[in-house]
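# Residue-level structural notes
Listed here are the chains, written in short residue letters.
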Number of protein chains: 6
Amino acid sequence: MHRGLFIGRFQPLHLGHITTIKFALKSVEQLTIVVGSADKSHEARNPFTAGERIEMIKDSLDNDGEIDIRKILIIPVPDLGVHALWTKQIELLTPRFQAVFSNDPLTNILFKERGVRLIEPHLSHRKLLSATEIRSRIVRGKTWEKLVTPQTVKVIQDVDGIRRIKTLFTRMADTDTYRVSS
Amino acid sequence: MHRGLFIGRFQPLHLGHITTIKFALKSVEQLTIVVGSADKSHEARNPFTAGERIEMIKDSLDNDGEIDIRKILIIPVPDLGVHALWTKQIELLTPRFQAVFSNDPLTNILFKERGVRLIEPHLSHRKLLSATEIRSRIVRGKTWEKLVTPQTVKVIQDVDGIRRIKTLFTRMADTDTYRVSS
Amino acid sequence: MHRGLFIGRFQPLHLGHITTIKFALKSVEQLTIVVGSADKSHEARNPFTAGERIEMIKDSLDNDGEIDIRKILIIPVPDLGVHALWTKQIELLTPRFQAVFSNDPLTNILFKERGVRLIEPHLSHRKLLSATEIRSRIVRGKTWEKLVTPQTVKVIQDVDGIRRIKTLFTRMADTDTYRVSS
Amino acid sequence: MHRGLFIGRFQPLHLGHITTIKFALKSVEQLTIVVGSADKSHEARNPFTAGERIEMIKDSLDNDGEIDIRKILIIPVPDLGVHALWTKQIELLTPRFQAVFSNDPLTNILFKERGVRLIEPHLSHRKLLSATEIRSRIVRGKTWEKLVTPQTVKVIQDVDGIRRIKTLFTRMADTDTYRVSS
Amino acid sequence: MHRGLFIGRFQPLHLGHITTIKFALKSVEQLTIVVGSADKSHEARNPFTAGERIEMIKDSLDNDGEIDIRKILIIPVPDLGVHALWTKQIELLTPRFQAVFSNDPLTNILFKERGVRLIEPHLSHRKLLSATEIRSRIVRGKTWEKLVTPQTVKVIQDVDGIRRIKTLFTRMADTDTYRVSS
Amino acid sequence: MHRGLFIGRFQPLHLGHITTIKFALKSVEQLTIVVGSADKSHEARNPFTAGERIEMIKDSLDNDGEIDIRKILIIPVPDLGVHALWTKQIELLTPRFQAVFSNDPLTNILFKERGVRLIEPHLSHRKLLSATEIRSRIVRGKTWEKLVTPQTVKVIQDVDGIRRIKTLFTRMADTDTYRVSS
């Protein structure tokens, strides 16, 4: 196959993502990495901007000895609200592709209804290599740096990300001061 | 009265809706059925597209011996986000009406603030004849087909709706793969 | 074929539309009439709300001796801004269809790229039976009533539509008072 | 009457607006000044942000010996796209009012359809006291300062507004470089 | 400092807000009160429209002997969805400011990332003087009037706000009737 | 400097863009190519989707002997409507940058107001190497292939782009059939 699609939110990028990228590159010549929820940031589940996440991915792959960065495109795709238009939105923002690498059941249903080929990558250490786990460790002050690349650590430090994640997490849900989110 | 409005989400259409439509047709010459949240689909609470729901309604009423389909309009209305504009949005998308049939307290407050006449239809078998109950039965593999019309069963089967509902329901809330919803 | 789609803006409905509806009903069992730009009204090119246009269509077809209203659905579809998502939006808001009746080149390209069958209805008296011509005649005080159905005349009178069209038309483009449009 | 509404775009505020405000204050106890198209700026017709326009109004009225600023509210209202929802939007964003001061025919039609009392203020020196004329004079390097208040001149100078207006005006319509507007 | 910003939702305005406004006016010459979530109303957490909230604020400050209303601007700002654009949105809708008065951690992080000076006002009686507490007391039928100004009580009574809050609160979360919110 | 930004619409990519990319790569280590108006396609001025344009750029740069593709990111950015938020939107969707390469006066004003360094690349053969000129030649049936890369020619042929451009151009502006655009 010429081109595949790998969809994630990368909040933040971790070693599980790197493994999937290497797995995908075995069966496609070109890989488009879709940075989902690109319009989201500064939320407990989505602390980083799309630009910060793209920087994590680009810097990490540039410095990984096994990945040929020339085969990679990194494309941010915002949420649409309307689920059934979302796969179409991805098609509009990316070059033509022949397969999708994804483990999310809804993504899979939506692409299957459009007749796209789906490949479910094997997830190893699923509980540990998870962005939810990493954000949770950051909040609780536990070690997390070994679950991500050194370049991801650097971007998080550059943007004062530890404090941002902790603030977003501990921000009480019921104070009545104005809150940005809808 | 010339024209009435009946507002629902129809996820899916069930026999309680049919009863209300017959009740309404006793007091109005024409009835506009508003398919609410028309922009929503592929969500646990909103599995079906507006088109699929309109198909359920049209095919069911066409085959109901007691309903005169010539008196019916079926109009999809998307959510607006801004509650206070929503009744105005309904007025823009539907022919002029003189009464609203609704049991939802917020709908009733919003229309009352605009001075519209409200009729609260009697709901029989409220717990059983409920779309929430039907979706829940589908997820748990219990019988549900007798709570809806044969035409609704057919549309759900045609679009592989059982699997869609189960996937949407069991999709774990905390995996960190990209998720479409905002 | 089971179901066809006829797409128009109906600003206002005129006799050319009625002819096309009759033409379409010869080859499909059910016809969905899509009222496009449903979010638009009170503009020079789009004076009427979707509800007003639906009322024109429903009342006219109800009183046309040759049309079986039981075969008709009338569905408002708002503009999306993003052209390439628009055909998908129509699919989400309408029951499944097998053909589209349309003379608009862009509509035709967009549906052809999705592999939908297109039928271009013959347009007779194209210059006269045109909503642009009718709005222009209303502005200039010329006769227009014979180009539309009596039911359309009635809806336009009921909503004080003559004055609305004239105001929207003559409203000077360069006054600097606040103007609603973006 | 207790409270009136005066709607304008104020691109920029000029002496004609000041006259209308004084006229309105003769018949109402409180006046809400609506700064329309509040989401627009950096366009040829809308060079200034809502904040900059509010600053012009607040500073000018503070320094006008005849106006009692305690009777004034200044409220920005963004465009909605959907004309028919716009009057409702204004009602949601402002305190209850009993009359609208406006010379725009569309504004007047929309409020009349809602049953609101309209007062059309007399416009003197309409050609000269017009924001279009002022922006045009700025582009052509002619005098304009006497058509506005000294406070408006100051805000325009503070934000480098002369250069902004000239750039927005002379920016060629047909270059193919990326352009922000939709 | 010339101008400060005080951001709140004011659902409803209470005596804690009044204290903060007086505190802020000691260190700035002008104060812009931002009414956040201005697009929200008729929700359990956001029962009042922006216009109703502005009326509470304007009428209360007009009748407070210690506050000079001439130093005050009251500006509604809608939610944007995209957190990272929200501070920019506030800057576009308000006159230039030199400091922000806020106790919300996310607001503070977002403004700090833009280099804006933040002042955290002391909150006394934090549990009692809270809009959440006031709405909760209204629902439970307990006294609440002494926690707000007499003008706020009047606006709430004028718009039948007690019934609105109770309805929004008791509206069952799981009925399957159509519900406006997305 | 580490990273620069080059902003264009690329409708389609042409040799002038390639020259600018090479010029920019002399002074920055990494270059982010922003594909503007990413939400637009199937319009006379914006015939191609963002995905098609990204494919033109990626394939062309991959096959240009002088460009190191490892230094390049290609990021689609949708229009926002609100000009003053657009530069902020670009910052959210791209990695941190130190300079912008642009010849558009509005882009330059907006970035200058944010304090970003601007470099205006020299444009040679400005009239000929212009996407407007290329689209115009395609419509008139004149040669255009030598103004673009062979890879751009291939993408345009693959998506039946010649016919798409001609249709979008010749589509009469005043027919009254439904039209997708707002």
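Calculation notes
- Residues numbered from 1 in each chain as written.
- Chains lettered and ligands numbered in written order.
- Predicted model: local features only at pLDDT ≥ 70, side-chain atom pairs only at ≥ 80, totals over all residues.
- Helix = DSSP H or I, 4+ residues; strand = E, 2+ residues; numbered from the N terminus.
- Rg over C-alpha atoms; globule rule 2.2 N^0.38 Å.
- Buried ≥ 20, exposed ≤ 12 C-beta atoms within 10 Å, placed from the backbone.
- Contact = placed C-beta atoms within 7 Å.
- Least-squares fit on C-alpha atoms with pLDDT ≥ 70 in both.
- Axes fitted to C-alpha atoms, helices over the stretch in contact; angles between N-to-C directions.
- Parallel < 35°, antiparallel > 145°, perpendicular 65-115°, else oblique.
- Left-handed = near helix turned anticlockwise from the far one by under 90°.
- Nonpolar A, V, L, I, M, F, W, Y, C, P; charged D, E, K, R; others polar.
- Core = buried A, V, L, I, M, F, W, Y, C linked by C-beta atoms within 7 Å.
- Pairing = 2+ DSSP bridges.
- Right-handed = clockwise from strand over helix to strand, strands pointing away.
- pLDDT = per-residue confidence, 0-100.
- Arc of directions from axis to C-beta.

As a further point, take the overall build of chain A. Along its length, chain A carries seven helices and five strands. Along chain A, helices and strands appear, N-terminal first, in the series β-α-β-α-β-α-β-α-β-α-α-α. The C-alpha radius of gyration of chain A comes to 17 Å, within 12% of the 16 Å expected for a compact globule of 182 residues. Seen along its three principal axes, the alpha-carbon backbone of chain A occupies a region of about 50 × 40 × 25 Å. Every one of the 182 residues in chain A was classed for burial, and the buried ones make up 52%. Partitioning the intrachain contacts of chain A with sequence separation of at least 6 by distance along the chain shows that 71% fall at a separation of at least 24.

Moving on to the relation of the copies chain B and chain D. If you rotate chain B by 180° and push it 0.0 Å along the axis, it lands on chain D with an RMSD of 0.0 Å. Interpreted geometrically, this transformation is the action of a two-fold axis. Taking C-alpha positions as the reference, the residue of chain B nearest the rotation axis is Leu85(B), at 3.6 Å. The share of interface residues of chain B whose copies in chain D are also at the interface is 80%, consistent with both copies meeting through the same surface.

If a residue is not glycine, its phi is most likely negative; likewise, a peptide bond is most likely trans. Residue Gln11(A) is joined to Pro12(A) through a cis peptide bond whose omega torsion reads 0°. Tracing the backbone through its elements, the reader meets Pro12(A) in the loop between strand E1 (3-8) and helix H1 (15-25). Of note in the backbone geometry, Ser37(E) takes a positive phi value of approximately 45° without being a glycine. Among the secondary structure elements, Ser37(E) is positioned in the loop between strand E2 (30-35) and helix H2 (50-62). A residue is classified by how many C-beta atoms lie within 10 Å of it, and Ser37(E), with 24 of them, is buried.

A few words now on the packing of helix H2 (residues 50-62) of chain C against helix H6 (residues 150-158) of chain C. All names here are of chain C. Running from N to C, H2 and H6 point in directions that differ by 150°, and their axes come no closer than 8 Å. Relative to H6, the element H2 lies roughly antiparallel. Of the two possible hands of crossing, H2 and H6 adopt the one that is right-handed. Taken together, the residues of H6 that come into contact with H2 (itself represented by Glu52, Glu55, Met56, Asp59 and Ser60) are Gln151, Thr152 and Val155. Grouping the amino acids of the contact of H2 with H6 by side-chain chemistry returns two nonpolar, three polar and three charged.

A separate point is the nonpolar core. The tendency in soluble globular proteins is for nonpolar side chains to be buried side by side. Among the nonpolar cores identified, the biggest contains 288 residues, and Val35(A), Val35(B), Val35(C), Val35(D), Val35(E) and Val35(F) are the most heavily contacted of them. Discounting chain neighbours no more than four positions away, the residues touching Val35(F) are Phe10(F), Ala50(F), Arg53(F), Ile54(F), Ile74(F), Ile75(F), Pro76(F) and Val77(F).

Before going further, it helps to examine the arrangement of the chains. In this structure chain A stays clear of chain D, and the shortest span between their C-alpha atoms is 17 Å. Contact between chain B and chain F is absent, and the least distance between their C-alpha atoms amounts to 17 Å.

Before going further, it helps to spend a moment on the packing of helix H7 (residues 161-170) of chain D against helix H4 (residues 105-113) of chain F. For any two helices packed against each other, the geometry is given by the interaxial angle and the distance between the axes. Two numbers describe how H7(D) lies on H4(F): the axes approach to 9 Å, and their chain directions differ by 155°. Regarding the angle of H7(D) to H4(F), the classification is roughly antiparallel. Here Arg164(D), Thr167(D) and Leu168(D) of H7(D) come into contact with H4(F), specifically with Pro105(F), Leu106(F) and Ile109(F). Classifying every residue of the contact of H7(D) with H4(F) by side-chain character gives four nonpolar, one polar and one charged.

To continue, consider the sheet that holds strand E4 (residues 99-101) of chain F. Residues and elements named next belong to chain F. Taken in spatial order, the five strands of this open sheet run E3-E2-E1-E4-E5, and their pairing is parallel. The strands lining the two open edges of the sheet, one partner per strand, are strand E3 (72-76) and strand E5 (117-119). Neighbour to neighbour, the strand axes of the sheet diverge by 25° on average, direction disregarded. The pairing of E4 with E5 spans three bridges and is parallel. By the bridge assignment for E5, Phe101 is matched with Ile119. Of the strands in this sheet, strand E2 (30-35) and E3 touch helix H2 (residues 50-62), which is tilted by about 170° from E3.

Let us look at the interface of chain F and chain A. At the junction of the two partners, chain F supplies 20 residues and chain A supplies 20 residues. Residue assignment for the side of chain F that touches chain A shows that the elements contributing at least two residues are H2, E3 and helix H3 (83-93) of chain F. In terms of residue count, the dominant contributor to the side of chain F that touches chain A is H2(F) (five residues). Tallied by class, residues from the side of chain F that touches chain A come to 11 nonpolar, four polar and five charged.

Turning to the sheet that holds E2(E), a few remarks are in order. All names here are of chain E. If you trace the five strands from one edge of the open sheet to the other, you get E3-E2-E1-E4-E5, paired in parallel fashion. Either end of the sheet is taken by a strand with one partner, and the two such strands are strand E3 (72-76) and strand E5 (118-119). Sheet analysis places E2 next to E3, joined by five bridges and oriented parallel. Across the sheet, the residue bridging to Ile33 is Ile74, located in E3.

In this section: the environment of Thr152(E). Residues and elements named next belong to chain E. Assignment of secondary structure puts Thr152 in helix H6 (residues 150-158). Residue classification places Thr152 among the buried positions, given that 29 C-beta atoms sit within 10 Å. Between the C-alpha atom of Thr152 and that of Ala44, which follows or precedes it by 108 residues, the distance is 18 Å. The contact partners of Thr152, leaving out residues within four places of it in the chain, are Pro12, Leu13, Met56 and Ser60.

Take the pairing of E3(F) next. Among the five residues that make up E3(F), five are buried, leaving the element largely enclosed by the rest of the structure. A crossover connection joins E2(F) to the parallel E3(F) through H2(F); in handedness this β-α-β unit is right-handed.

Residue and element names in this part refer to chain A. Residues with a pLDDT of 70 or more make up 93% of chain A, whose mean pLDDT is 90. In the model, residues 172-182 has pLDDT below 50 throughout and makes 27 contacts with residues more than four positions away in sequence or in other chains. Model confidence for the complex: the whole-complex pTM is 0.91, and ipTM, which rates the interface, is 0.92.

With that settled, consider the relation of the copies chain F and chain A. Superposition of the two copies of the chain requires a rotation about an axis and a shift along the axis. Once chain F is rotated about the relating axis by 180° and shifted along it by 0.0 Å, it coincides with chain A to within an RMSD of 0.0 Å. Both copies present the same face, since 100% of the interface residues in chain F are matched by interface residues at the equivalent positions in chain A.

Below, the discussion takes up helix H4 (residues 105-113) of chain A. Given 3.6 residues to a turn, an α-helix orients residues that are three or four positions apart in the same direction. Here H4(A) has its buried residues at Leu106(A), Thr107(A), Leu110(A) and Phe111(A). All buried residues of H4(A) fall inside an arc of 125° around its axis, so they share one side. On its buried face, H4(A) sits against E1, helix H3 (83-93), strand E4 (99-101) and strand E5 (117-119) of chain A together with helix H7 (161-170) of chain B.

Of the surrounding secondary structure, the elements contacted by the buried residues of helix H4 (residues 105-113) of chain B are strand E1 (3-8), helix H3 (83-93), strand E4 (99-101) and strand E5 (117-119) of chain B together with helix H7 (161-170) of chain E. Positive backbone phi, at 80°, marks Gly115(B), one or two positions downstream of H4(B).

Residue and element names in this part refer to chain B. Its place among the elements puts Gly36 in the loop between strand E2 (30-35) and helix H2 (50-62). Using a count of 27 C-beta atoms within 10 Å as the deciding quantity, one classes Gly36 as buried. Gly36 sits 55 residues away from Glu91 along the chain, and the two C-alpha atoms are 13 Å apart.

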